[in-house]
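Report on the structure
Each chain, letter by letter, is given below.
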Amino acid sequence: MKKLTLSVCIAAAFLAQSAMAATTNHAISYVTSWGLPDNSASILDTSKVDTYLLAFGKWNSDGSIETSDSIATIPAYDAWYLPGGYNTWTQLKLAHPEKKMMIAFGGQKYEEIWSQINTPEKRTIVAKGLADLLKTPYPVYKKGLAPSEMDGACLMTKWDGTCDMGTYQKAGTVYLDGVDFDFEKAARLSEKENSDLLALATELRGMIGKDKLMSLTTYHVGADPENCADNTVFDNCSFVEHDRSSHNGEVKSLLSASKGLFDFYNVMAYDAGSNFKYQTAMANYAAAVGDKTKIILGTTINAQWAPEGSFVETKENNLERARWQAAEGYGGYFAWALGSNTQSMSLTDQSAYLNEMKDVADAAVPADVEPEPEDEGEEQGPADSVISDTVVAAGEIIVVIPNDNFKTDDLTVKKNDVIVGTLNDGKYEKTMQSQAVKKTSSFMGQPVLSFYSDLKAGDVVSVIDTSSKKALSTVNVTAEMLAPIAPDAGTITNAATEFGKSTNVIFSSALKHFNSNNRTVVKLNGQVIAESYAGNLFANNATSRTLNKKSQQVEVEYNIPVSTMQDYDILTVDVMSGTPGQEGYVLRTLNKHYYLTK
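As a starting point, this report considers the structure included with it. Given the structure is predicted, the values throughout are model-derived calculations rather than measurements.

Describing the overall build of the protein chain
Helix and strand counts for the protein chain come out as 11 helices and 30 strands. Summarising the internal contacts of the protein chain: among those between residues at least 6 apart in sequence, 69% fall at separations of at least 24. Counting only carbon and sulfur atoms, one obtains 50% of the accessible surface of the protein chain, whose full area is about 24900 Å².

Set out below in C-alpha cells:
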C-alpha cells in the first residue's frame, strides 16, 4: 500500500530501535574525500570510530546525487586505478560491517541545496533520490585477493588467461547506512528552511524506515537563546565574545519538532574561539531535543576560526571534552576530520588521536549508569498488532487498520507520550486528552480511527502496540498539518437532458483554495475521474475547463460522456489528502449526486 501523504510530506517515522544501537558514547568522525593515502582502509582497520560521515554530498533539483571527488559514486572499473576515497570507505565497510557509513549533505560547501527543497514536489524528488542512494549496492574492489576472497568472475586476466590477482578484483558489495544533514549556511537559517528540512527528513524517514540512519549537524549556537545576539546578555549563552553570532537559536524550532526523527544531533562546538562554553551549548541542545544521549559533542583536530585568529585546540583539551561528555551522559563525540589535516598530521596519527579520545571517554562512563534507551517506544518483544498507516491532517490523528486486524489489535495512541485513545479487540476508547474518536471506512474499505487532541506544531504522535510496547509508527506534527481544510462550496449539476451527450460536474471554489495544495477529487462510483490540485486540472475519462476566475472565485467544469454512465451512478466531489494519482484519505465530502437520465 502506498503511504498516505499530504502536501507537507507526512510520512511515518518509526520509533522502534533504530540502526544506531541504543548505547551512548559514540565515536564519530567526518572523512574527507581529499587527503587520503592509498592505504587508508588498512590504516583505519584499527580505528575505534564507529560511524563515519563522508564529506560532502549535494542533491540536484532532479534528485540526482553528487559527492566530493565522487567518494560515493560507483567508478568505472579500472584494473589499476580506482579513486582513493571510494576505496577507503567501501573496503573499510566490507572489513567491518558493524561500522556505519553515512553521506554528509550540505555544509557551507554545498549550502545551496537548502533552497532546492522549498516545495512539496521538490522535497519528494530529493527524498526519492536519497532513498535510492541508500539502496544502491556498491562494489568493493581490492588488489592482492586470494581466489577464495573474490566475489564473482575474474575481472582482469594475465596473458596466459589466469586471473591477475595483482589488479583490482571484486571482493564484495556494501551499502551506505544513512545520511547526515550538515545544516549550515553563512547567513542565518530561516524558519522556512527549518520547516522545509523537517518535511524532507520526515518524508525520507517514511521511505527508508528505521533500519537506516539520519543525523543533523548544526552550528554551536543553534540552540542558544536568540537574545544571546545582544552582547549584554550572558544567561545560557555559549558564545560570549563582544561581537556575537547571528546564528543564535536558528534551529531551535527544528530541534524540538524533530524529536524521534533523527538518530543523533551533532553540535559543531568549535570554530568559536578558546572562550567558547561548549558545556552551555550542549545543555541548550539537550533541552531542545529532550534526550541528551542523542547529542554529540563536536571537536576538531584541525586549525579552527576564532575571534582572536586561527588556533589549534590542544590535545589535552580535546581529551577533556571527550571525557566530560561521557561523564555527563551525552551521546558521544565527533571529530573534524580524518583525511585532510591542516597540521600535516598523518592519517595514522589522526586515527591514534581519535582512539585515545575514545579510550578516555569509555573510562569516564559512570559504571552504575545503564545506557538510556533511545525512545519510549523501543521494542520490548514481537508486536502482535498491525496498522496500515498513520497520518495527521487538519489537526486530526488518523490511524488506518487492516480489516483483518481491527478486532484483534491492541493499540495505544499517544501525543507526546500522553495517551489520547486506545483500541482493544475492536473496542475503541478516548481519554480526557482527546475530544473525539470515531470508526469509519473511508480509506479503501479499511477501518479508520480518528482523534482530535489539541495538536500543535512540534507534537509527536505515536501508535504503540500495547502488549509489546513497540512503536508501530510516529508522526512529527508540523504547522501545515494543522491547517483546516478551506471552506468550499461544491455543486454538482446533472445537465444530461440539456446537452444530451455529457454530464457536467461543476464545482466552485475560492480562488485561494483552488490555487493551494488542497486536492479536490471528482469520483464516479468511487473511482477518480478528475481532480484539481495547486491550480491545475487533471481529468481521466473526462474533459475539463476553468469557466471563470472572477471575484476571487473559480468554477471548474468536467464533462463526462453519458455513454459511461447509468441511472443511480454516484458522483461525488471530495477533498482528499495526497497529490494527483496517489491514494489518499477523504478529508471532506463536498457533494454527492445520484445520476438520473430523467
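Focus on the pattern of salt bridges
Between side chains of opposite charge, a pair can form when the charged atoms approach closely. Taken as a whole, this structure holds 13 salt bridges when the rule is applied. Of the charged contacts in the structure, one is a salt bridge between Lys58 and Glu112, with a shortest N-O distance of 3.5 Å. One end of the pair, Lys58, is in strand 2 (residues 51-59); the other, Glu112, is in the loop between strand 4 (100-106) and helix 3 (120-134), and 54 residues separate them in sequence. The partly exposed category is assigned to Glu112, whose relative accessible area is 33%. Among the salt bridges present, the one from Asp211 reaches Lys210, with a minimum N-O distance of 3.6 Å. Each of Arg123, Lys192 and Asp196 takes part in one network of salt bridges that share partners.

Considerations on the pairing of strand 24 (residues 519-524)
For strand 24, the tally of buried residues reaches 6 of 6 residues, placing the bulk of the element in the interior. Along strand 24, one buried face is formed by Arg519, Val521 and Lys523 and the opposite face, lined by Thr520, Val522 and Leu524, is buried too. With 6 bridges connecting them, strand 24 and strand 25 (residues 527-533) associate as antiparallel partners. Residue pairing across strands places Thr520 opposite Ser532, the latter belonging to strand 25. Between strand 24 and strand 25, which pair antiparallel and follow one another directly, the connecting turn spans 2 residues, one of which, Asn525, has a positive phi of 55 degrees. Relative to strand 29 (residues 570-576), strand 24 runs antiparallel, the two sharing 6 bridges. Residue pairing for strand 29: Val521 is matched across the bridge by Asp574.

A word on the packing of aromatic side chains
In this description, a pair of aromatic rings is defined by centroid distance and the angle of the planes. Counted under the stated rule, the structure contains 17 aromatic pairs. Note on Tyr270 and Phe334: the rings are 6.0 Å apart at their centroids and 70 degrees apart in plane angle, and the pair reads as edge-to-face. With Tyr270 in the loop between strand 9 (264-268) and helix 6 (278-289) and Phe334 in strand 13 (residues 332-338), this residue pair connects regions lying 64 residues apart in the sequence. Looking at Arg244, its charged tip hangs above the ring of Phe234, at a distance of 5.1 Å from the centre.

Side note on the packing of helix 6 against helix 7 (residues 315-327)
Between helix 6 and helix 7, the least distance of the axes is 12 Å, while the angle of their chain directions is 35 degrees. In this structure, helix 6 crosses over helix 7, and the sense of that crossing is right-handed. In this structure, helix 6 uses Tyr278, Gln279 and Met282 to contact helix 7, whose residues at the interface are Glu320, Arg321 and Trp324.

Section: the nonpolar core
The biggest cluster of nonpolar side chains holds 96 residues, and the ones touching the most others in it are Trp59 and Phe181. Here this core gets 7 residues from one element, more than from any other, and that element is helix 6.

Focus on the pairing of strand 10 (residues 295-300)
For a regular strand, the rule is simple: side chains alternate between the two faces of the sheet. Burial analysis of strand 10 places 6 of its 6 residues in the buried class, which makes it a mostly covered element. Burial of strand 10 is two-sided: the residues Ile295, Leu297 and Thr299 facing one way and the residues Ile296, Gly298 and Thr300 facing the other way are all buried. Bridging between strand 9 and strand 10 involves 3 bridges; their strand directions are parallel. Residue Tyr265 lies in a different strand from strand 10, and its bridge partner there is Ile295.

Brief notes about the packing of helix 7 against helix 8 (residues 347-364)
Packed helices, taken two at a time, are described by their axes: the angle between them and the distance between them. Where helix 7 contacts helix 8, the axes come no closer than 8 Å and their chain directions differ by 35 degrees. The chirality of how helix 7 crosses helix 8 is right-handed. Facing Lys315, Asn318, Leu319, Ala322, Arg323, Gln325, Ala326 and Ala327 of helix 7, the residues of helix 8 in contact are Tyr353, Glu356, Met357, Val360, Ala361 and Ala364. A breakdown of the residues in the contact of helix 7 with helix 8 according to their chemical character gives 9 nonpolar, 2 polar and 3 charged.

Observations concerning the state of the cysteines
Considering all chains together, one arrives at 2 disulfides under this definition. Two residues, Cys228 and Cys237, share a disulfide whose sulfurs are 2.0 Å apart. A torsion of -90 degrees about the S-S bond marks the disulfide between Cys228 and Cys237 as left-handed. Across this residue pair, the class does not change: Cys228 and Cys237 are buried. Shown here for the protein chain is a disulfide pattern of 1-2, 3-4, where each number marks a bonded cysteine counted in sequence order.

Observations regarding unusual backbone geometry
Residue Phe56 is bonded to the preceding Ala55 through a cis peptide linkage, with omega at -5 degrees. Of note, Asp69 is a non-glycine position whose phi angle comes to about 50 degrees, a positive value. Within the element layout of this structure, Asp69 appears in the loop between strand 3 (65-67) and helix 2 (84-95).

Concerning the environment of Val418
Inspection of the secondary structure assignment puts Val418 in strand 17 (residues 418-424). A sequence separation of 44 residues divides Val418 from Ser462, and the C-alpha atoms of the two residues are 9.7 Å apart.

Thoughts on helix 7
Residue pairs spaced three or four apart in an α-helix point in one direction, given the helix's 3.6 residues per turn. For helix 7, with 13 residues, the first-to-last C-alpha span of 18 Å sits near the 18 Å given by 1.5 Å per residue. Here helix 7 has its buried residues at Asn318, Leu319, Arg321, Ala322, Trp324, Gln325 and Ala326. Packed against the buried residues of helix 7 are helix 6, strand 10, strand 13 and helix 8. Backbone geometry just after helix 7 places Gly329 at a positive phi near 85 degrees.

A word on the environment of Ala457
Mapped onto the elements of the fold, Ala457 is located in the loop between strand 20 (446-452) and strand 21 (460-465). When the C-alpha atoms of Ala457 and Met481 are compared, they prove to be 8.2 Å apart, with 24 residues separating the residues in sequence. Non-local contacts of Ala457, meaning those with residues more than four positions away in its chain, are made with Val477, Thr478, Ala479 and Leu482.

Quick word on the environment of Asn60
Note on placement: Asn60 falls in the loop between strand 2 and strand 3. Every residue in contact with Asn60, bar those within four places of it in the chain, is listed here: Glu66, Gln116 and Val126.

Parameters at a glance
- Residues numbered from 1 in each chain as written.
- Predicted model: local features only at pLDDT ≥ 70, side-chain atom pairs only at ≥ 80, totals over all residues.
- Heavy atoms only, no water.
- Helix = DSSP H or I, 4+ residues; strand = E, 2+ residues; numbered from the N terminus.
- Contact = heavy atoms within 4.5 Å.
- Areas by Shrake-Rupley, 256 points an atom, 1.4 Å probe, with all protein chains shown as cover.
- Salt bridge = Lys/Arg side-chain N within 4 Å of Asp/Glu carboxyl O.
- Buried < 20%, exposed > 50% of the residue type's maximum accessible area, 1.4 Å probe, protein only.
- Pairing = 2+ DSSP bridges.
- Phe/Tyr/Trp six-rings, centres within 6.5 Å; stacked < 30°, edge-to-face > 60°.
- Lys NZ or Arg CZ within 6 Å of the ring centre and 35° of its normal.
- Axes fitted to C-alpha atoms, helices over the stretch in contact; angles between N-to-C directions.
- Left-handed = near helix turned anticlockwise from the far one by under 90°.
- Core = buried A, V, L, I, M, F, W, Y, C linked by side-chain atoms within 4.5 Å.
- Nonpolar A, V, L, I, M, F, W, Y, C, P; charged D, E, K, R; others polar.
- Disulfide = S-S within 2.5 Å.
- Expected span 1.5 Å × (residues − 1).

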